[in-house]
Amino acid sequence: MSPNHTVFTVLLVASFLFFAWGCWRRLSLITLRTPEDRFDSIGHRVGEMLKFAFAQKRVLAKPFGINHFIIFWSFIILLIANIEFMLHGVCPWFSLTKLPDGLLRPLLLVLDIVSLLALASVVIAAIRRLVSPPYPEARTIEAFFILSLIGILMLAYFGINAARVVNGEMVSVFAWMPVSGRLALLIPATSAGSVYLIAWWAHAFALLAFMCYLPYSKHMHILTAIPNCFFRRLEKPNTQAREEFVSGKSFGVGQVDRYSWKDLLDSFSCTECGRCQQVCPASITGKPLNPRAVVHDIKVNLLENASRLAAGEKPALPLIGDGGEGSVSEESIWACTTCGACMEACPVFIEQMPKIINLRRHLVEEEAHFPEELLNLFENMEGRSNPWGIAPSERTKWCSQMDVKPFEQGSTEYLLYVGCAGSFDSRSKHVSVALAQLLDKAGISWGILGKDEKCCGDSVRRLGNEFVFDRMARENVAMFREKGVTKVITQCPHCFTTLKNDYRQYGLELEVIHHSELLRNLVQDGNLKLNKTASGLGTTVVHDSCYLGRHNDLYDAPRELIEAATGTAPAEMERNRANAFCCGAGGGRMWMEEHSGERINLTRVKEALEEKADTICVACPYCLTMFGDGLKDVKADNVRVLDVAEVLAEAVLR
Amino acid sequence: MLIVACIKQVPDTTQVQIDPVTNTLVREGIPFIVNPYDTHALEEALRLKDRFGCAVAAISMGPPNAEGTLRKALALGVDRAILLSDRVFGGADTLATSNVLSAAINKLHHECDEVGLVLCGKQTIDGDTAQVGPGIASRLGFQQLTLVDRIVELDTTGRRIRVSRKLEGRHEIVEAPLPAMLTVVRELNRPRYPRVPMRLAASDATVEVWNNQVLKLDEQSIGLKGSPTWVSKIFSPERAKGEILGDGYADPDGAARLLINTLLSKDMLPL
């Protein structure tokens, strides 16, 4: 009763070579990339890898995550059994049974239990894919094939050990194998030899097939996900890399080898679990954008064009194209709100948003090809430094009835960076007034730039017009330096993140504080006294702005402010904080039409109304507009949307 | 065939104010833009270049800082950019301006390539005369087709052009032999957006500067001396100041009612 070791050795070597060749063929494509440094803070990176790859922190955050956790750790623990199996297959004398019983017994116990858990997890995974898959396309033959292979491995493992027990081997450890031992009772002694051979070869074929198939499938993530967590972006991916504007360079990503090696590694690390698409506001509301598909398309495009790109030829399959497999459609590129939900959800830290913005950069900068609504926006931004193209002299109209000081180094502590919406938008101007009055009431020393204030450039950057953003950022950074600005209050999360995170790339470190945080501090420290409770607001519901919450981890300040002003904590929508759903205006979508699916703002407004909201509280001028419009669309005339500064003003000023 | 687009640098008039004491335009700190109508003339020239492969030259008369306007044209794809700049050109009215521009076009015609089309905006937003384009046409002896909102057909071999003119309440289709001068309206096209590589190339490219030593025009026909028109006064018209009646933010219903009642009382709502 012994398998043919020569046959197995030949098969094993062939499989190894096939596996190595497949891995090399794919991973070497990553070297087609543009460079990017991800080798800093090695110690920190190791910690992140342990936390997210080995402890599976993000995987476990969702139902069925535990299933994956079990399979992952079974793989690692069963490596012992599988390595033994392969070595035994080549050299028959090699066997774990040669270990002393004291070591062998607990080891076999663990292997038996782990195999059983893995088998159960595989069965649950298969049932889940049949009954209620994470998304309909997840019900692939590939998925069932891989699950079956794992299942066969586990069953064969039990079979081998059971047969050995029946055959009189391993009798002293029989009691330590709860599954294999029990199975042994079912096998007649006469057929033990054939059961052993069948199970052994089944195990061999499943193992070798798995090895051969791995590099050619999405299960490649078994090899790439761990390094992908190691090479994750250590800071929040709330900004994009700068581009250098010199002649002869190309801008953005128009073909796949223009991506960085990490972008390409991302594409091999995606297991297509679909968590990104389940939280993407574009996907959910029926736009053609699907972040999972974008990452998949990058991988397919790379594989399809690999030989041509290596030879320095033009790719045959365009990266930006009709949206078929391997091409990303323009409509999906423009559908992204840059809300960051996909990146927050991804268990292995794939960065979908920067990849999409790189495609936008190519379209805008190389081809000057973009939705026509954006032409005016780009020209207004360049010509008059605001989205509407209003004359800069109108920037101070919001405070024409107030006594507002210009910012001067030494005499004013804070710059109130009003922002374009706060300066020009008729609704947001009321927020600016409320904020200014509150700051005065609290005795804060603040001033404005007046007509010298320029747009921060958030929208143009997220829309891929990096050339114009670069100019705007340089101008603003120079002006802030010249005027000696160090502390800035913003009432717009987009200004907030741009001044705080994007301008840092230009060497400007500002102390930027969002008004919700400053006002919260002023109330908590007793510098703003509440006259009364703002009771006229009814049930308040809070909405997280993506660029305040997910992109900058600021969740509590707006809530605490509302609670202080109204006496009760605001109601939460079903999707809140890090899972909050975008209003639909980020990423420059504020300036574009939604041509397909349901409007994102309507989806969110309906979610707010489910909480029986009388007042929806926001902390962003874009959210203010989107909710205002959405409420009009659903004819919810008696529901108001207020900025948190206005909520506080109800309690302090009225 | 060469196509010439005439473009002008103008102050962004939405940001211009008039000094109440001196009655002159306050130009300090006001950004310059390309005259919006001229951007459509330029765009059409570039579209014809894309279709017929003819070369496009952009010319502009103005002070040395008008070079920026021509760099924008280079970034959009013109083959040559020429700035007509000389102190003696300064202070020109529409007659003197068209003298300089037509001399430059003539020079291109004789030294470079035969000029088949000259494209101008229908007017500039600072002077608003709409005279320079027709002035060029008459000085060069070109056909003049004003207020063009569509080029119906351009026959470069038969040397004819057929265009649609946008007139009040109607359109007129007219045909003329080349060479011709067109002034264009905004409806003609949607100007393109510059590609970044072109912008970078444009910032390194040469803008040719032609002064009067190049054009050799009689100083009596150019600049202030050649300008029979004098601006004696410029002022903001008195505008009746409106009155804010309601507060649409605090009380939208009341404000709407007030508006309707006010319009009704002044008999301004046809019922």
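Secondary structure assignment for chain B yields seven helices and 13 strands. When its C-alpha atoms are laid out on the principal axes, chain B stretches across 70 × 45 × 40 Å. Looking at chain B as a whole, 44% of its 271 residues are labelled buried. Between the mean site of the 31 positive side-chain charges and the mean site of the 33 negative ones, chain B shows a separation of 2 Å.

What follows deals with unusual backbone geometry. In this chain, L178 of chain B is followed by P179 of chain B through a cis amide linkage whose omega measures 0 degrees. You will see that E272 of chain A, though not glycine, has its phi angle at about 60 degrees, which is positive. By secondary structure assignment, the location of E272 of chain A is in the loop between helix 9 (261–269) and helix 10 (275–279).

Where interface size is given, it is often the accessible area lost as the parts come together that is meant. Residue and element names in this part refer to chain A. Its domain assignment divides chain A into domain 1 (5–230), domain 2 (256–366) and domain 3 (375–652). Put simply, the middle of domain 1 and the middle of domain 2, counted by C-alpha atoms, are 31 Å apart. With 25 residues of domain 1 in contact, the opposing surface of domain 2 contributes 35 residues. Taken over both partners, the interface formed by domain 1 and domain 2 buries close to 3000 Å², and the fraction arising from carbon and sulfur atoms is 58%. On the surface where domain 1 and domain 2 come into contact, there are two salt bridges.

Let us look at the pattern of salt bridges. Applying the stated criterion across every chain yields a total of 59 salt bridges over all chains. Across the salt bridge formed by D470 of chain A and R242 of chain A, the nearest N and O atoms sit 3.6 Å from each other. Here D470 of chain A is found in helix 20 (residues 466–483), whereas its partner R242 of chain A is found in the loop between helix 8 (221–230) and helix 9, with 228 residues between them in sequence. For D470 of chain A, a relative accessible area of 6% gives the class buried. R47 of chain B is paired through a salt bridge with E43 of chain B; the nearest N and O atoms lie 2.6 Å apart. One end of the pair is R47 of chain B and the other is E43 of chain B, both in helix 1 (residues 36–52) and four residues apart, which spans about a single turn. Of the residues examined, R47 of chain B reaches a relative accessible area of 33% and is grouped as partly exposed. Three or more residues are tied together by salt bridges with common partners; here these are R361, D458, R461, R462, E466 and D502 of chain A.

This paragraph deals with the nonpolar core. Generally speaking, soluble globular proteins have nonpolar side chains that are buried together. Residue and element names in this part refer to chain A. In terms of nonpolar packing, the biggest core is built from 146 residues, with W446, F480 and F627 touching the most fellow members. Aside from chain neighbours lying at most four places away, what touches W446 is W398, V404, K405, T412, Y414, L416, A436, L439 and D440. Judged by nonpolar contacts, the second largest core, of 48 residues, contains F85, L104, V122 and A204.

Between chain A and chain B, the residue contacts involve 24 residues of the former and 15 residues of the latter. Summed over both sides, the interface between chain A and chain B buries roughly 1700 Å², with carbon and sulfur atoms accounting for 55% of that surface. It is L375, R384 and F467 of chain A that lose the most area in chain A upon contact with chain B, and together they represent 26% of the buried surface on that side. Our count for the contact surface shared by chain A and chain B stands at two salt bridges. The residue E382 of chain A makes a salt bridge to R199 of chain B at a minimum N-O spacing of 2.8 Å. The interface formed by chain A and chain B includes eight residue pairs in polar contact (both at pLDDT 80 or more).

Procedures and definitions
- Residues numbered from 1 in each chain as written.
- Chains lettered and ligands numbered in written order.
- Predicted model: local features only at pLDDT ≥ 70, side-chain atom pairs only at ≥ 80, totals over all residues.
- Heavy atoms only, no water.
- Helix = DSSP H or I, 4+ residues; strand = E, 2+ residues; numbered from the N terminus.
- Buried < 20%, exposed > 50% of the residue type's maximum accessible area, 1.4 Å probe, protein only.
- Lys, Arg positive; Asp, Glu negative; His and termini not counted.
- Charge placed at Lys NZ, Arg CZ, Asp CG, Glu CD.
- Domains from an automatic or database assignment.
- Contact = heavy atoms within 4.5 Å.
- Buried area = accessible area lost by both parts, 1.4 Å probe.
- Salt bridge = Lys/Arg side-chain N within 4 Å of Asp/Glu carboxyl O.
- Core = buried A, V, L, I, M, F, W, Y, C linked by side-chain atoms within 4.5 Å.
- Polar contact = N/O pair within 3.5 Å; in protein donor to acceptor, adjacent residues only side chain to side chain.

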